[in-house]
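# Chain and residue survey
What follows is each chain in one-letter form.
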Amino acid sequence: MELLSNWCSNGSLPESYVLPPEARPGNPIVPLEKSIPVIDLQGNDRKETIRQILKTGKEFGFFQIINHGVSKDSMDETMKVAEEFHAMSGLDKERECLKDPNGSCKLYTSSYAYPREEFHLWRDALTHPCRPLDQHIQFWPENPTGYREVVGEYSVELWKLSCRILELLCEGLGLSINYFSNELSEAPKIMINHYPPCPEPSLTLGLRKHRDPNIITILHQGQINGLQVFKDGLWIAVQPVPHAFVVNIGYLLQIISNGKLNGAEHRVVTNSRDARTTVSFFVYPSDECLIGPAKALVNASNPAIYKPFKYADFVIASYVNPDKEALEDLIYKSTA
Ligand code: OGA
Ligand code: NI
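Everything quoted here is computed from the prediction, not taken from an experiment.

## Points about the overall build of the chain
When helices and strands are counted, the chain shows nine helices and 14 strands. Dimensions of the chain, computed from C-alpha atoms along their principal axes, come out at roughly 60 × 45 × 40 Å. Each of the 336 residues in the chain was classed as buried or not, and the buried ones make up 51%. Of all intrachain contacts in the chain linking residues separated by at least 6 positions in sequence, the fraction that spans at least 24 positions is 77%. Accessible area of the chain: about 15500 Å², with a carbon and sulfur share of 51%. Of the side chains in the chain, 33 bear a positive and 41 a negative charge, and the two mean positions are spaced by 5 Å.

As structure tokens, then:
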């Protein structure tokens, strides 16, 4: 499994990256004038902010946030070390990711399931856990210079921001404010995606249509277009807003909210001119955690759509051994 960045400047797209016509970016056409709502977290009416978050969390499953409290310097420095990491040679990158004998720092190309993929995707990725910081940071890359310090500080800020957004969501949903302050958010991860310029953007994707298999994701997407959200049968481009974050509702939060929030499907398209690097902060539960609709949101007029399951079983059915039917059997309450 050779990293994409080792050979992608060869000039042609290998056959194994050519998606079947129905999965290519052109289908269906994207209306470019639309984008997803931008919410000001410093808006002076807290109730109004919560209302907006709940509304877009339901309608789009996605929103962008500004005035979120994370400094521009921290965002810029993080993007810089993220780009520098992917610009290193393949061997250097691999060496930087071997520091944990248990393999918690992962470097791969396309998707985690590369050997079993029917089609490959135009991206490389680095991912590692980030909380508690002092249990993980010693296994992170030491190069590029400053990686640990910069990404360490960033992950602390992003954790605070995640908690704040989850609290706003709890308040809006009618859950206790600390509903997620336990094993539901115990295992956050940083992921640094890299999508090099692609010779044939119309034939392949950086990421195929997916829902994030977690609680929420906070994405720093930089200034290059590429992320698209699926809504009402169309793909909506998430236009970059300088120093904003893109927040999306994960599949698990859709389930916990019993469908009040939407874990929207999304994908990443490539382009032939600019490399694109993005940094995701994923809020994940622990493997043993039990997931299911929150009791406070279920009653006679809102019956549970989903049934409780162990997060580890969801991981198996959604990406270790992807199987749509097995996943639906696991999460949906039978209607029979
Ligand atoms: C993801 C994701 C979007 C992007 O990592 O799950 O959807 O623009 N990333 O990199
Ligand atoms: Ni995603």
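Having seen it, we continue.
## Topic: the sheet that holds strand 11 (residues 266–268)
Through backbone hydrogen bonds, the strands of a sheet pair up, either in parallel or in antiparallel fashion. Taken in spatial order, the four strands of this open sheet run 6-11-8-9, and their pairing is antiparallel. The strands lining the two open edges of the sheet, one partner per strand, are strand 6 (207–210) and strand 9 (234–237). Averaged over all pairs of adjacent strands, the angle between strand axes in this sheet comes to 25°, irrespective of strand direction. Two strands pair when backbone bridges link them, and strand 6 and strand 11 are joined in this way by two bridges, in the antiparallel orientation. Each residue of the ladder has a partner; that of L207, found in strand 11, is V268.

## What about the coordination of the nickel ion (ligand 2)?
With distances of 2.1 Å, the protein atoms coordinating the nickel ion (ligand 2) are H210 (NE2), D212 (OD) and H266 (NE2). In primary sequence terms, the donor set of the nickel ion (ligand 2) follows H-x1-D-x53-H. Placement of the pair is D212 in the loop between strand 6 and strand 7 (216–220) and H266 in strand 11, with a sequence separation of 54 residues. Just as D212 is buried, H266 falls in that class too.

## Comments concerning a negative patch on the surface
A cluster of like negative charges, contributed by D73, D76, E77, E149 and E153, occupies part of the molecular surface. Broken down by secondary-structure element, the contributors of at least two residues to the negative patch are helix 3 (72–87) and helix 6 (147–173). Under the relative-accessibility criterion, E153 is labelled partly exposed at 47%.

## Remarks on the side chain of N214
Mapped onto the elements of the fold, N214 is located in the loop between strand 6 and strand 7. Among the polar contacts listed, one links the side chain of N214 to the side chain of T217, at a separation of 3.0 Å. In this view, N214 contacts G250, Y251, L252, L253, F282, V283 and Y284; residues no more than four positions away in its chain are not counted.

## A look at the packing of helix 8 (residues 311–320) against helix 9 (residues 324–331)
For any two helices packed against each other, the geometry is given by the interaxial angle and the distance between the axes. Taken N-terminus to C-terminus, the directions of helix 8 and helix 9 make an angle of 155°; their axes are 8 Å apart at the nearest point. Between helix 8 and helix 9, the angle falls in the class roughly antiparallel. Judged by the twist between their axes, the crossing of helix 8 over helix 9 is left-handed. Counting all contacts with helix 8, which are made through D313, F314, A317 and S318, the residues of helix 9 involved are A326, L327, L330 and I331.

## With respect to the packing of helix 2 (residues 46–59) against helix 6
Closest axis-to-axis distance for the helix 2/helix 6 pair is 9 Å, and the angle between their directions is 90°. Overall, the two elements helix 2 and helix 6 adopt an arrangement that is roughly perpendicular. Only L168, L169, E171, G172 and L173 of helix 6 make contact with helix 2, whose side of the interface consists of R46, K47, I50, I53 and L54. For the contact of helix 2 with helix 6, the residue count by class is six nonpolar, one polar and three charged.

## Focus on the site of ligand 1
Around ligand 1 lies a shell of 13 residues, among which Y195, H210, H266, R276 and T278 are the nearest. Between H266 and ligand 1, the recorded distance is 3.0 Å, taken from a side-chain N or O atom to an oxygen atom. Separating an oxygen atom of ligand 1 from a side-chain N or O atom of S280 is a distance of 3.4 Å. Protein contacts shield 95% of the accessible area of ligand 1, which totals 290 Å² for the unbound molecule. The set of elements that each furnish at least two residues to the shell around ligand 1 consists of strand 5 (189–195), strand 6, strand 11 and strand 12 (276–283).

## Digging into the pairing of strand 9
Sheet topology places strand 8 (residues 227–231) next to strand 9; four bridges connect them, and they run antiparallel. Looking at the pairing, F230 lines up with W235 of strand 9. The hairpin turn running from strand 8 into strand 9, its antiparallel successor, is two residues long, and D232 in that turn takes a positive phi close to 50°.

## Focus on the sheet that holds strand 1 (residues 38–40)
Overall, mixed pairing links the eight strands, which are arranged 1-2-10-7-12-5-4-3 in an open sheet. Lying at the two open borders of the sheet, with one neighbouring strand each, are strand 1 and strand 3 (106–109). Pairs of neighbouring strands in the sheet enclose a mean axial angle of 25°, with direction left out of account. In terms of strand pairing, strand 7 meets strand 10 (residues 245–249) through four bridges, oriented antiparallel. Across the sheet, the residue bridging to T217 is N248, located in strand 10. In the packing of helix 2 onto the sheet, the strands contacted are strand 1, strand 2 (62–66) and strand 10, and the crossing angle to strand 1 comes to about 160°. The sheet contacts of helix 3 involve strand 3, strand 4 (124–129), strand 5, strand 7, strand 10 and strand 12, and relative to strand 12 the element is tilted by about 115°.

Cut-offs used in this document
Within any chain, residue numbers begin from 1 and follow the written order of that chain's sequence. Chain A is the first chain written and ligand 1 is the first ligand written, with later ones labelled in order. Local features in this predicted model are restricted to residues whose pLDDT is 70 or higher, and side-chain atom pairs enter the listing and the counts only when it is 80 or higher, whereas totals over whole chains, interfaces and linings include all residues. Just so you know, side-chain values use all the structure's heavy atoms and leave hydrogens and water out. Under the scheme used here, helices are H or I runs from DSSP no shorter than 4 residues and strands are E runs no shorter than 2 residues, and both carry numbers assigned from the N terminus. Exposure classes here rest on a 1.4 Å probe applied to the protein chains alone. A residue is buried below 20% of its type maximum, exposed above 50%, and partly exposed in between. Whether two residues touch is decided by their heavy atoms; if any such pair falls within 4.5 Å, the residues are in contact. Surface exposure here means Shrake-Rupley accessible area, sampled with a 1.4 Å probe, where a residue is shielded only by the protein chains that are shown. Under the convention used here, Asp and Glu are negative, Lys and Arg are positive, and both His and the chain ends fall outside the count. Working definition for charges: the position is that of NZ of Lys, CZ of Arg, CG of Asp or CD of Glu. A pair of strands is treated as paired once DSSP finds two or more bridges between them. Simply put, an axis is a line fit to the C-alpha atoms, just over the touching stretch for a helix, and the angle between two N-to-C directions goes from 0 to 180 degrees. Counted as donors are N, O and S atoms no farther than 2.8 Å from the metal, or 3.2 Å for Na, K and Ca; water is not among the atoms, and sites may therefore look incomplete. Think of a patch as exposed residues, more than 30% relative accessible area, with no salt bridge, where like charges cluster within 9 Å and nonpolar side chains (Val, Leu, Ile, Met, Phe, Trp, Tyr) cluster within 5 Å. Any carboxyl oxygen of Asp or Glu that lies within 4 Å of a side-chain nitrogen of Lys or Arg is treated as forming a salt bridge with it. In protein, a polar contact means a hydrogen-donor-capable atom and an acceptor-capable atom, both N or O and within 3.5 Å, with residues adjacent in sequence counting only if both atoms are side-chain atoms; elsewhere, any N or O pair within 3.5 Å suffices. Note that the term roughly parallel is reserved for angles under 35 degrees, roughly antiparallel for angles over 145, roughly perpendicular for angles of 65 to 115, and oblique for everything else. Should the near helix be turned anticlockwise from the far one by less than a right angle, the crossing is termed left-handed; should it be turned clockwise, right-handed. Three categories are distinguished: nonpolar for Ala, Val, Leu, Ile, Met, Phe, Trp, Tyr, Cys and Pro, charged for Asp, Glu, Lys and Arg, and polar for the others, with Gly belonging to the last. Working definition: residue near molecule or strand if any one of its non-hydrogen atoms lies within 4 Å of it.

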